[in-house]
Amino acid sequence: MTSTNELRAPAETAGRWEWVGISAADCAAHSMNSLGPFAVSALMTDLHLNTFQAGIWSTVEMLAYAGAMFGISPWAAGLHLRRVALVAGIMVVVAQGTSAIVASYGILLALRLLAGTGLGMLNAVVNIGTARSHAPARRLSLVMIVQTVVFTIASLLLPQATALGGRAGVFGFLALLVVFLLPLMGFTTSRSSIPRSHRVSITRSGERSCVHPRFIIAAVVFYTSGSLAIWPFSAHVGHLAGLTNTAFGWLAAVANIGGLAMCIAGSLLGDGRAAFRLLAPAVLLTALACVVQAVPWSIPAFCTAFLLNYALWFFIYPNLIGIACRMDPTGRLATLCSGGWMISQASVTPLSGLLGRNGHFLGVGLLGMGNCLVSTLLVVGLYFSMHGRTRNRSMSQHRSCKNKQVYVRSGLDTYF
């Protein structure tokens with residue numbers, strides 16, 4: 001049973017079509033995460049960029065993405081989501097469309113700065129809009145179902161666009177995708193009725209939220225950096241294991257189906273304790289998969305590890321962000337978590353490339369496993385901090401939380 005201190009989402013956020021707007025913003029926000037390799041390949045082919053230049057191009061976008069999320073987070077409580085989504089979407093369309101015709105590397109980097117900022121703002125809209133709902137983890141799982149379907153279709157169409165127009169075809173397609181999604185973003189909630197300073201001693205699911213927010217941020221950062229450490233080199237390792245390009249394509253398709261199944265399972269489990277209990281075992285299983293995925297012992301072993309790592313992401317990430325949303329219903333904490341994810345991804349990829357420079361990726365797998373193990377411990381700590389086992393412990397921690405001034409307000413001093 002939830003307490004009377006529970007912070008309830010405003011009535012207007014319960015609109016049945018709001019998930020359409022959040023899903024549209026989510027698809028636009030993650031368009032380069034999922035479809036970016038097509039853009040990188042087109043740039044390298046058309047402009048003859050080397051791997052270092054292509055890596056810098058991608059890193060600029062990721063850092064701008066994270067910077068936008070960190071910058072927007074202090075204003076989460078009163079953010080006008082619809083307006084931010086439309087402005088950010090237009091920024092992405094301009095950046096992608098211009099990248100289709102510009103040949104100057106310096107201008108392309110500036111356009112990545114613009115695109116990354118817009119994408120980060122869109123992801124902030126997703127996190128804040130999700131936090132304003134009554135069941136954040138379930139809402140995010142439903143949104144990721146839409147995302148998986150959209151990107152599966154886009155992955156089938158993009159090669160055709162590449163064949164027809166090369167770089168112009170790829171970036172034109174990416175721009176048109178966001179243009180198509182822009183009108184749907186109008187369904188997002190305009191403004192929240194949650195005040196900028198509000199005492200939150202108990203989350204809307206009845207969990208105690210007095211645990212320091214740094215723990216959930218750290219759990220997200222260690223999980224994302226661990227599970228993604230080997231990811232950029234997965235196709236290469238798969239080839240070392242004996243997979244052809246066609247076979248790896250089929251493996252990726254099956255992985256998408258697995259991710260979709262995990263999203264459906266997450267939406268059915270919702271935001272209850274059952275999903276929280278499964279979170280630590282899922283991260284632990286990912287830790288083991290990181291090592292197996294990095295070392296091509298055999299084709300079955302690699303395929304199993306690849307599928308586990310990919311599919312479990314669609315259960316673990318929404319639930320971690322869901323916990324952040326329940327701890328801070330303004331969405332600010334969830335936005336900081338996603339910003340931390342982008343920083344970790346931008347930093348771990350060069351490190352993984354350094355560790356795998358000799359063509360052996362065991363060190364990358366061990367790095368991923370170690371980070372996921374740390375995340376597992378943090379998730380276990382979060383569970384026992386928020387769901388004490390005994391009644392006496394529960395009452396004691398609840399009184400401790402109640403006596404603390406825990407506020408959701410703007411400014412990094414709240415969390416740091």
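About the thresholds
- Residues numbered from 1 in each chain as written.
- Predicted model: local features only at pLDDT ≥ 70, side-chain atom pairs only at ≥ 80, totals over all residues.
- Heavy atoms only, no water.
- Helix = DSSP H or I, 4+ residues; strand = E, 2+ residues; numbered from the N terminus.
- Buried < 20%, exposed > 50% of the residue type's maximum accessible area, 1.4 Å probe, protein only.
- Contact = heavy atoms within 4.5 Å.
- Axes fitted to C-alpha atoms, helices over the stretch in contact; angles between N-to-C directions.
- Parallel < 35°, antiparallel > 145°, perpendicular 65-115°, else oblique.
- Left-handed = near helix turned anticlockwise from the far one by under 90°.
- Nonpolar A, V, L, I, M, F, W, Y, C, P; charged D, E, K, R; others polar.
- Polar contact = N/O pair within 3.5 Å; in protein donor to acceptor, adjacent residues only side chain to side chain.
- Salt bridge = Lys/Arg side-chain N within 4 Å of Asp/Glu carboxyl O.
- Core = buried A, V, L, I, M, F, W, Y, C linked by side-chain atoms within 4.5 Å.
- Domains from an automatic or database assignment.
- Expected span 1.5 Å × (residues − 1).
- Bend = angle between axes of the 7 residues up to and from the residue.
- Phe/Tyr/Trp six-rings, centres within 6.5 Å; stacked < 30°, edge-to-face > 60°.
- pLDDT = per-residue confidence, 0-100.

Participant: Even after reading the chapter, I still don't get the overall build of the protein chain, so can you show me in this structure?
Facilitator: If you tally the helices and strands in the protein chain, you get 14 helices and two strands. Burial analysis of the protein chain (416 residues in total) assigns 53% to the buried set. Put simply, of all contacts in the protein chain between residues at least 6 apart along the chain, 87% involve residues at least 24 apart.

Participant: What am I meant to see in the packing of helix α5 (residues 105-131) against helix α12 (residues 332-355) here?
Facilitator: The packing of two helices is summarised by the inter-axis angle and the distance between the axes. Axis separation between α5 and α12 bottoms out at 8 Å; the angle between their running directions is 140°. Between α5 and α12, the angle is such that the two are oblique. The hand of the α5/α12 crossing is right-handed. In this structure, α5 uses N123, A124, N127 and I128 to contact α12, whose residues at the interface are A334, T335, S338 and W341. Within the contact of α5 with α12, the residues separate by chemical class into four nonpolar, four polar and no charged.

Participant: Sorry if this is basic, but what is going on with the side chain of T188 here?
Facilitator: Along the chain, the position of T188 falls in the loop between α6 (136-181) and β1 (198-199). Accessibility expressed as a relative area gives 1% for T188, which makes it buried. Here the side chain of T188 touches M185 through a polar contact of 2.8 Å, landing on its backbone oxygen. For T188, the contacting residues outside a window of four places in its chain are E18, G21, I22, L81, R82 and V125.

Participant: Even after reading the chapter, I still don't get the pattern of salt bridges, so can you show me in this structure?
Facilitator: Between side chains of opposite charge, a pair can form when the charged atoms approach closely. Enumeration according to the criterion identifies two salt bridges in this entry. Among the salt bridges present, the one from D46 reaches R167, with a minimum N-O distance of 2.7 Å. Of this pair, D46 sits in helix α2 (residues 31-47) while R167 sits in helix α6, and the two are 121 residues apart along the sequence. Residue E61 pairs with R112 through a salt bridge whose shortest N-O separation is 2.5 Å. Of this pair, E61 sits in helix α3 (residues 51-72) while R112 sits in helix α5, placing them 51 residues apart in sequence. Each member of the pair, E61 together with R112, is buried.

Participant: Explain the nonpolar core here, please?
Facilitator: Across soluble globular proteins, nonpolar side chains have a tendency to be buried as a group. With 116 residues, the main nonpolar core has L122, M185, I216, F302, I316 and L320 as its most contacted residues. Examining the composition of this core, we find that 16 residues originate from one element, helix α11 (residues 299-327), more than from any other. When residues are assigned to domains, this core turns out to be shared by domain 1 (16-190) and domain 2 (211-395), each giving three or more. The residues touching L320, leaving out its near neighbours within four places in the chain, are I216, A219, V220, Y223, L279 and V379.

Participant: Would you take a moment to explain the packing of α2 against α5 for this structure?
Facilitator: Contact pair α2 / α5: the axes reach a minimum separation of 14 Å and the direction vectors enclose 170°. Considered as vectors, α2 and α5 are oriented roughly antiparallel to each other. Along the contact surface, α2 presents S31, M32, L43 and L47, while α5 presents L108, R112 and L119. In the contact of α2 with α5, the residues fall into five nonpolar, one polar and one charged.

Participant: Quick question: what am I supposed to make of α6 here?
Facilitator: An α-helix turns once per 3.6 residues; consequently, residues spaced three or four apart project the same way. Helix length check: α6 (46 residues) gives 22 Å between terminal C-alpha atoms against 68 Å at 1.5 Å per residue, more than 12% under. When the local axis directions of α6 are compared, the greatest deviation, roughly 140°, occurs at G165.

Participant: Could you clarify how one ought to interpret the packing of aromatic side chains in this entry?
Facilitator: To describe a pair of aromatic rings, you give the distance between the ring centres and the angle between the ring planes. For the structure on display, the rule yields twelve aromatic pairs. Their ring planes at 45° and their centres at 5.3 Å tell us that Y310 and F314 sit as a pair that is tilted. Of this pair, Y310 and F314 both sit in helix α11, four residues apart, which is roughly one turn of the helix. Pair check on accessibility: Y310 and F314 agree, each one buried. Following the ring pairs from residue to residue traces out a cluster consisting of W231, F302, F306, Y310 and F314.

Participant: Can you walk me through helix α13 (residues 362-386) in this structure?
Facilitator: Compared with the 36 Å implied by 1.5 Å per residue over 25 residues, the 36 Å span of α13 between its first and last C-alpha is a close match. Considered for burial, the residues of α13 that qualify are V364, G365, G368, N371, C372, S375, T376, L378, V379, L382, Y383 and M386. Check the buried side of α13 and you find it contacts α7 (213-227), α10 (273-294), α11 and α12.

Participant: Explain the confidence of the model for the protein chain to me, please; I cannot follow it from the model alone.
Facilitator: Here the protein chain averages 79 in pLDDT, and 83% of its residues register 70 or above. Confidence scores differ between elements of the protein chain, with strand β2 (residues 407-408) showing the lowest mean pLDDT of 40 and helix α4 (residues 81-99) the highest of 93. Long-range and interchain partners of residues 1-14, a stretch whose pLDDT sits below 50, account for 31 contacts in this model, where long-range means more than four residues apart. Across residues 390-398, where pLDDT falls below 50, the model places eight contacts with residues more than four positions away in sequence or in other chains.

Participant: How do you make sense of the environment of R139 when you look at a structure like this?
Facilitator: Looking at the element boundaries, R139 is found in helix α6. With ten residues separating them in the primary sequence, R139 and G129 have C-alpha atoms 9.5 Å apart.

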